[in-house]
Amino acid sequence: MTITRNLFVAISLGVALAIPRLALAQYGGQGLGSALSSNPMSHQGQVKPGVDDMQGNAATETPFKIIKDVKLGLKDADPNVRVTELERLRFLQDPEVNQILTNSMSDPDVRVKIKSIDLLGARESNDAVTPMSTMLFLRSTEPIVKLHLVAALGRIGDAQGTLPVMQYLGEDQDERGRGTAVFALGEIGSDKATPLLNAVVAQDQSPMVRRLAKEALQKISGEMPTERAKTVADASTKANQPTDQKLAKLREMSKKMEDQER
């Protein structure tokens with residue numbers, strides 16, 4: 001009887017000890033994601049909150065998913081949300097992106113319009129030149145939006161944008177607007193703008209506008225590189241830079257950072 005009682009006690013004790021282990025196992029134990037862990041950050045595992053999460057999401061998101069999310073976000077009532085969603089398209093290489101940005105130029109909020117125009121300019125979207133040119137001369141288009149349209153046409157650099165920018169230059173009385181227009185004409189580089197730019201150099205009252213017009217003429221004649229040409233040249237130089245020079249620059253930057261920390 002004593003042996004039987006001892007055996008029963010041992011079995012009961014073993015079952016009692018096993019139950020907490022089973023419960024811990026069901027909740028993740030003391031490891032990742034444990035609801036019972038004494039470490040309040042254990043649910044984060046080895047992931048750094050925020051940074052690693054965003055990097056992981058960016059790496060796993062496909063263009064299809066990003067575009068789907070952006071389309072949904074563009075329906076949000078808050079224009080700040082719509083602007084943020086458009087920014088996600090900046091470097092996305094998908095044929096649908098430029099159409100989404102072009103459609104967003106008709107957004108009721110000025111901030112969203114400007115963001116879509118600026119992104120189309122940065123992406124150098126030739127398809128956007130015609131709708132931008134049309135929008136440039138709508139009476140309902142806000143002056144600040146027109147300014148961004150002219151700048152974007154210059155960044156795109158398509159010759160089709162020459163006449164619309166020339167017309168804008170002839171109508172705009174604001175120094176900033178005229179300066180933006182002559183700069184854009186220089187970036188586009190069409191010799192159709194030469195007579196008008198010569199007139200600006202000779203007659204415009206603003207020294208800044210006259211200087212920009214002179215530079216635009218030099219760009220058109222090939223005496224001065226455009227900003228686009230400079231960007232391409234810089235990218236080519238960096239790509240062809242010898243490895244030892246790149247390492248030397250990295251060491252120099254590292255040393256400067258160390259000196260600043262001291």
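Heads up: these notes are all about the structure in this document. (Residues numbered from 1 in each chain as written. Predicted model: local features only at pLDDT ≥ 70, side-chain atom pairs only at ≥ 80, totals over all residues. Heavy atoms only, no water.)

### Quick look at the pattern of salt bridges
Then step 1. Counted under the stated rule, the structure contains 13 salt bridges.
Then step 2. Because the salt bridges share partners, they merge into one network encompassing Glu61, Lys65, Asp69, Glu85 and Arg88. (Salt bridge = Lys/Arg side-chain N within 4 Å of Asp/Glu carboxyl O.)

### Section: the nonpolar core
Then step 1. Within the largest apolar cluster, 46 residues are counted, with the highest numbers of intra-cluster contacts made by Leu89, Met132, Leu149, Val165, Val182 and Leu197.
Then step 2. The element contributing the most residues to this core is helix 8 (residues 143–156), with seven residues.
Then step 3. Those residues within four positions of Met132 in sequence are excluded, and the remaining contacts are Met105, Ile117, Leu120, Gly121, Leu149, Ala152, Leu153 and Ile156. (Core = buried A, V, L, I, M, F, W, Y, C linked by side-chain atoms within 4.5 Å. Buried < 20%, exposed > 50% of the residue type's maximum accessible area, 1.4 Å probe, protein only. Helix = DSSP H or I, 4+ residues; strand = E, 2+ residues; numbered from the N terminus. Contact = heavy atoms within 4.5 Å.)

### Here's the deal with unusual backbone geometry
Then step 1. Phi is positive for Glu124, close to 55°, though the residue is something other than glycine.
Then step 2. If you trace the backbone, Glu124 turns up in the loop between helix 6 (110–122) and helix 7 (129–136).

### What about helix 8?
Then step 1. Between the first and last C-alpha of helix 8 there are 20 Å, a value that for 14 residues agrees with the 20 Å anticipated at 1.5 Å per step.
Then step 2. Turning to helix 8, its buried residues are Val145, Leu147, Leu149, Val150, Ala152, Leu153, Gly154 and Ile156.
Then step 3. Of the residues flanking the end of helix 8, it is Gly157, one or two places downstream, whose phi is positive at about 80°. (Expected span 1.5 Å × (residues − 1).)

### Looking at the side chain of Glu187
Then step 1. With respect to the secondary-structure elements, Glu187 resides in helix 10 (residues 175–188).
Then step 2. The class of Glu187 is buried, set by a relative accessible area of 6%.
Then step 3. Looking at Glu187, its side chain comes within polar contact range of the side chain of Lys219, at 2.9 Å. (Polar contact = N/O pair within 3.5 Å; in protein donor to acceptor, adjacent residues only side chain to side chain.)

Remember that the coordinates give geometry; whether it matters functionally is a separate question.
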